[in-house]
Amino acid sequence: MFAKLWSRSWRHMRSFAARTVNIIVDGKTLSAPENTLLIDVLRSAKIRVPTLCYNPRLKTGGHCKVCMVEDLSRPGMPVMSCRTPIKEGMSISTTNPTIKAYAETNKILTLRKHPAIPKKLPTPKHEEEKGTSPDLSSILSKYPRRKEFILPLGIAVADQFGYIGANAVEQIAAHVGEDKARVSSVLIKYKFLPSKHTKKTHIYLCTCHNCRLKSQPHLLENLHEFVGDTCEVHTMNWLGVCINGPPAAMVKVEGTSEIEYLMNIRIEDIHKYKEMTRVSLLKEVPDNLSFFPFDRLGKDHISLMSDIDVKAIADKASNTPANEIIQRIEDANLRGCGGAGFPTFMKWKTVSKAEGDKYVVCNGDEGLPCAFKDGWLLRHKNMRERVIAGMHICAKTVGSKKAYLYIRYEYRNLVSAIHETVREFKLKCQQYADIEFEVRVGAGTYIAGEETALLSSIQGDEPIPQRDRPWYVHSTESGLFGKPTVINNIETFAHVPYVLSLPLQVLKASGLPKLIGVVGDVKRPCLLEYSLDNLSLQSVINEIGAQNIENAEVGGATEPLVSRRDFSRNISFKRGDLGAVGSVVLFNKERNVKEIYGAKLDFMSDECCGQCYPCREG
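No experiment lies behind these values; they were computed from the predicted model shown. For every chain, the first residue of its written sequence is number 1, and the numbers climb from 1 along that sequence. The predicted origin of the model limits local features to residues at a pLDDT of at least 70 and limits the giving and counting of side-chain atom pairs to 80 or more, whereas totals for whole chains, interfaces and linings rest on all residues. In computing side-chain properties, one takes all heavy atoms of the structure into account and sets aside hydrogens as well as water.

1. Some thoughts on the pairing of strand E11 (residues 359–364)
Right, on to step 1. Note on classification: 1.4 Å probe, protein chains only; a residue is buried when its accessible area is under 20% of the maximum for its type, exposed when over 50%, partly exposed between these limits. A run of DSSP states H or I qualifies as a helix once it reaches four residues; a run of E qualifies as a strand once it reaches two. Both are numbered from the N-terminal end. Buried residues dominate E11, accounting for six of its six residues.
Right, on to step 2. The side-chain alternation of E11 yields two buried faces, one formed by Tyr359, Val361 and Asn363 and the other by Val360, Cys362 and Gly364.
Right, on to step 3. Pairing between two strands requires that DSSP report at least two bridges joining them. In this sheet, strand E14 (residues 485–489) lies alongside E11 in parallel orientation, the contact comprising five bridges. From the neighbouring strand, tyrosine 359 faces E14, where its bridge partner is threonine 485.
Right, on to step 4. Two strands pair when backbone bridges link them, and E11 and strand E12 (residues 402–407) are joined in this way by five bridges, in the parallel orientation. By the bridge assignment, valine 361 is partnered in E12 with tyrosine 404.

See below:
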């Protein structure tokens with residue numbers, strides 16, 4: 001205790017010796033020593049900020065996340081005032097209703113666990129609905145009365161009414177038998193489920209590297225100016241289909257269950273979007289990328305896209321002992337294609353030995369900016385069929401009767417095509433008809449793509465990663481609904497029929513093809529099939545003919561830039577190599593590195609869950 005008090009006192013002594021700086025809080029200028037904690041400055045100015053865990057005599061923990069305020073340099077971004085030292089020119093708002101609702105939810109959920117607090121606590125207040133409260137009976141009747149349907153219900157309500165108000169939360173809570181505060185805390189985590197009504201049409205401008213590189217200056221400001229009176233304009237971190245015509249935006253209109261796209265947005269054309277006519281909107285975006293098939297590398301290299309008889313493969317797999325299927329997956333060295341490269345057979349083998357209910361989950365929440373291969377696979381019917389076949393073969397092999405395909409909100413227009421592909425597959429392969437298949441759609445949060453967060457989302461819980469929690473158990477032992485679960489991504493399941501269709505000696509001779517997507521300062525976006533055997537970044541750049549490349553981002557926005565002197569490094573699943581997620585962004589000499597890193601930091605500050613050390617401490 002003495003050490004904690006001394007640490008706290010020493011920090012205060014340092015702040016008194018520091019220079020005085022000015023900050024703006026709710027439009028008022030306040031002065032205090034630099035690096036003083038924001039909460040101390042606010043309390044000195046008699047500005048009330050609620051808190052549960054803060055004690056000025058002890059080291060700040062930041063555990064309750066109730067003292068949230070808005071940092072206006074990053075609009076909509078909550079910061080913990082008890083952990084934020086002040087700097088010159090800082091601008092803070094304590095009145096943002098969304099952040100206040102988030103803090104109120106945290107307070108209620110924290111107090112609910114305290115034995116001295118009564119169990120009945122008020123529900124966090126969202127913006128009240130305007131006019132009469134909507135009747136959700138027609139929506140609620142379509143969904144079972146179970147917690148796992150909180151998110152599908154929220155999406156359905158937002159589709160019809162454009163938002164999810166307090167009354168809607170109450171009706172959903174009553175339907176699924178959960179507390180209002182719990183339902184509210186789940187729905188508020190998703191970006192595309194607003195809690196208040198603004199305008200009927202919402203435009204989400206993509207701010208990924210590819211769209212930024214192709215964008216004109218001040219595009220966002222011009223969108224606000226020209227269509228802001230009829231449409232609500234937002235930004236989003238990654239649209240996905242934008243590779244086919246950047247810069248691009250997603251358009252969501254109240255009363256519809258599909259999304260539409262604006263492609264190749266130019267300032268001179270923005271006035272055409274004012275009425276948001278269907279002439280300028282697309283529900284399907286044609287491919288504009290260059291594909292480099294595996295067989296270009298040699299006759300013994302068989303492309304993942306090559307023609308195979310999916311029905312014959314699925315029929316044969318259903319009559320093959322599970323241990324033989326798993327052995328073939330192991331011998332072919334199929335690894336998870338989402339980036340970690342975890343051996344696929346190990347998951348299948350562990351779950352196949354378990355007793356009782358089991359699940360198979362396909363992770364299609366491709367939220368990492370400039371990673372587009374999984375969405376590309378789902379948009380092509382023959383590859384979509386292989387993903388579906390791979391999931392069903394896996395389910396039959398491990399003894400599961402239920403499979404889930406979880407896709408991101410931005411790919412939701414594919415749902416009907418996926419259902420049709422599943423129907424056709426089961427008609428052709430009757431032995432898989434007993435496997436229940438369900439498509440789940442996310443609602444715009446990057447962290448839902450993390451394995452444990454995705455499973456939590458399907459269960460109706462908050463999409464928060466659990467891997468670093470003390471009680472974490474691998475999903476193959478206790479995954480979805482606490483049951484053994486195989487979870488692989490779209491590309492991995494697409495490989496399953498491919499692996500079972502080819503002789504083992506062919507697979508070992510060439511290695512399995514890995515999809516690598518390349519965007520940025522290139523003539524056209526590229527998707528290439530490579531074997532991860534001594535594949536260098538320089539060889540990728542040379543093959544696509546990119547010129548004057550100075551930096552590259554390999555493996556997503558969370559990875560550091562790779563400079564020209566390191567282009568000889570390999571891309572693989574090995575420790576120390578560049579990550580084989582399948583995403584590469586190239587930047588030429590004209591690009592400003594500070595701006596690139598600024599975009600990466602914007603993404604991480606917007607999407608972080610605040611649990612791990614880098615995001616929590618900075």
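So much for the structure itself; the text now carries on.
2. A look at the packing of helix H14 (residues 381–398) against helix H17 (residues 490–501)
If you want to describe how two helices pack, look at the angle between their axes and the distance between the axes.
Right, on to step 1. As a packed pair, H14 and H17 sit with axes 7 Å apart at the nearest point and diverge in direction by 80°. As judged from the angle between their axes, H14 and H17 are roughly perpendicular. Here Met383, Arg386, Val387, Ala389, Gly390, Met391, Ile393 and Cys394 of H14 lie close against H17, whose contacting residues are Ile490, Phe493, Ala494, Val496, Pro497 and Leu500.
Right, on to step 2. Per-class residue counts for the contact of H14 with H17 are twelve nonpolar, one polar and one charged. Think of each axis as a best-fit line through the C-alpha atoms, taken over the contacting stretch in the case of a helix, with angles from 0 to 180 degrees between the N-to-C directions. Orientation categories follow fixed angle ranges, with anything under 35 degrees roughly parallel, anything over 145 roughly antiparallel, 65 to 115 roughly perpendicular, and all other angles oblique. Between two residues, a contact is recorded if the distance between any of their heavy atoms is within 4.5 Å. All amino acids are sorted into three groups, where Ala, Val, Leu, Ile, Met, Phe, Trp, Tyr, Cys and Pro are nonpolar, Asp, Glu, Lys and Arg are charged, and the leftover types, Gly among them, are polar.

3. Examining empty space enclosed by the protein
Right, on to step 1. The rule is simple: put a 1 Å grid over the protein atoms alone, call a set of points where a 1.4 Å probe fits but cannot get out a cavity, call an open set with protein on both sides within 12 Å along at least five of seven lines a pocket, and count a residue as lining if it has an atom within 4 Å of a point. Grid points are joined across faces, edges and corners, and a volume is the space filled by probe spheres set on the points. As enumerated under the stated definition, the model contains two cavities of 30 Å³ or more in all.
Right, on to step 2. Its volume calculated, the largest cavity comes out at about 120 Å³.
Right, on to step 3. Taken together, 13 residues make up the lining of the largest cavity; nearest its centre are Ala158, Gly162, Phe192, His202 and Lys252.
Right, on to step 4. Where the lining of the largest cavity is concerned, the elements lending two or more residues are helix H5 (150–161), strand E6 (201–206) and strand E8 (249–253).

4. A short note on the sheet that holds E6
Right, on to step 1. The four strands are arranged E7-E6-E8-E9 in an open sheet whose pairing can be described as mixed. Of all the strands in the sheet, the pair left with one neighbour each is strand E7 (231–236) and strand E9 (260–262). With direction set aside, neighbouring strand axes in the sheet form an average angle of 25°.
Right, on to step 2. In the sheet, E8 pairs with E9 via three bridges, with the strands oriented antiparallel. The partner of methionine 250 across the bridge, within E9, is tyrosine 261.

5. Points about the pairing of strand E21 (residues 583–588)
Along any regular strand, the residues point their side chains to alternate faces of the sheet.
Right, on to step 1. The buried fraction of E21 is high, at six of six residues.
Right, on to step 2. Across four bridges, strand E15 (residues 514–520) lies against E21 in parallel orientation. Residue valine 519 lies in a different strand from E21, and its bridge partner there is valine 585.
Right, on to step 3. Pairing geometry for strand E17 (residues 549–554) and E21, over five bridges, is antiparallel. For glutamate 553, the partnering residue across the bridge sits in E21 and is valine 585.

6. Topic: H17
Right, on to step 1. With eleven of twelve residues buried, H17 is to be regarded as a mostly interior element.
Right, on to step 2. Buried within H17 are the following residues: Ile490, Glu491, Thr492, Phe493, Ala494, His495, Val496, Pro497, Tyr498, Val499 and Leu500.

7. A word on the packing of helix H11 (residues 322–331) against helix H12 (residues 344–353)
Right, on to step 1. Relative to each other, H11 and H12 sit at 160°, their axes nearing to 8 Å. For the element pair H11 / H12, the angle class is roughly antiparallel. In this structure, the crossing between H11 and H12 has a hand that is left-handed. Of the residues in H12, those in contact with Ile325, Ile326, Ile329 and Glu330 of H11 are Thr344, Phe345, Trp348, Lys349 and Ser352.
Right, on to step 2. Counted by class, the contact of H11 with H12 contains five nonpolar, two polar and two charged residues. The handedness criterion is simple: a crossing whose near helix is rotated anticlockwise from the far helix by less than a right angle is left-handed, and one whose near helix is rotated clockwise is right-handed.

8. Brief notes about the packing of aromatic side chains
We describe a pair of aromatic rings using the distance from one ring centre to the other and the angle between the two ring planes.
Right, on to step 1. Pairing of aromatic rings covers Phe, Tyr and Trp, the last counted by its six-membered ring, and requires centre-to-centre distances within 6.5 Å; plane angles under 30 degrees mean stacked, over 60 mean edge-to-face, and any other angle means tilted. Enumeration over the complete set of coordinates arrives at eight aromatic pairs.
Right, on to step 2. Seen in terms of ring centroids, phenylalanine 192 and tyrosine 204 are 4.9 Å apart; in terms of plane orientation they differ by 80°. Their pairing is edge-to-face. Remark: tyrosine 204 occurs in strand E6 and phenylalanine 192 occurs in the loop between helix H7 (180–187) and E6; sequence separation between them is twelve residues.
Right, on to step 3. Relative accessible area serves as the criterion here: at 8%, phenylalanine 192 is assigned to the buried category.
Right, on to step 4. A relative accessible area of 7% means that tyrosine 204 is categorised as buried.
Right, on to step 5. Each ring, one from phenylalanine 291 and one from tryptophan 376, has its centre 5.4 Å from the other, and the planes form 20°; the classification is stacked. Highlighted residues: phenylalanine 291 in strand E10 (residues 290–292) and tryptophan 376 in helix H13 (residues 373–379), separated in sequence by 85 residues.

9. Considering the environment of proline 343
Right, on to step 1. Within the secondary structure layout, proline 343 lies in the loop between H11 and H12.
Right, on to step 2. Sequence spacing of proline 343 and glutamate 330 is 13 residues, and the spatial spacing of their C-alpha atoms is 7.5 Å.
Right, on to step 3. Discounting chain neighbours no more than four positions away, the residues touching proline 343 are Leu334 and Arg335.

10. A word on the sheet that holds E14
Right, on to step 1. Strand order in the open sheet made by the four strands is E13-E12-E11-E14, with parallel pairing throughout. Each edge of the sheet is formed by a strand with only one pairing partner; in this case those strands are strand E13 (436–441) and E14. Shown here is a sheet whose adjacent strand axes are inclined to one another by a mean of 20°, direction ignored.
Right, on to step 2. Each of E11, E12, E13 and E14 touches H14; the most contacted strand, E11, lies at about 155° to it.

11. Here's the deal with the side chain of asparagine 489
Right, on to step 1. For asparagine 489, the position within the fold is in strand E14.
Right, on to step 2. Residue asparagine 489 is classed as buried on the basis of its relative accessible area of 8%.
Right, on to step 3. Aside from chain neighbours lying at most four places away, what touches asparagine 489 is Cys337, Gly338, Cys362, Asn363, Lys373 and Asp374.

12. Digging into helix H19 (residues 537–544)
Right, on to step 1. For H19, the complete set of buried residues consists of Leu537, Val540, Ile541 and Ile544. One face of H19 carries all of its buried residues, which in axial projection span an arc of 95°.
Right, on to step 2. With its phi angle positive at about 75°, glycine 545 sits one or two positions after the end of H19. Working note: the arc is built from the helix axis to C-beta atom directions.

13. Some words on the pattern of salt bridges
Right, on to step 1. What makes a salt bridge here is a side-chain nitrogen of Lys or Arg within 4 Å of a carboxyl oxygen of Asp or Glu, nothing more. The final tally for this structure, using the stated rule, is 31 salt bridges.
Right, on to step 2. Two residues, glutamate 178 and arginine 182, come together in a salt bridge whose shortest N-O distance is 3.4 Å.
Right, on to step 3. A relative accessible area of 32% places arginine 182 in the partly exposed class.
Right, on to step 4. The closest approach of N and O atoms between glutamate 550 and arginine 564, which form a salt bridge, is 3.6 Å. Placement of glutamate 550 in strand E17 and of arginine 564 in the loop between strand E18 (562–563) and strand E19 (571–572) is noted, with a sequence separation of 14 residues between them.
Right, on to step 5. For glutamate 550, a relative accessible area of 29% translates into the label partly exposed.

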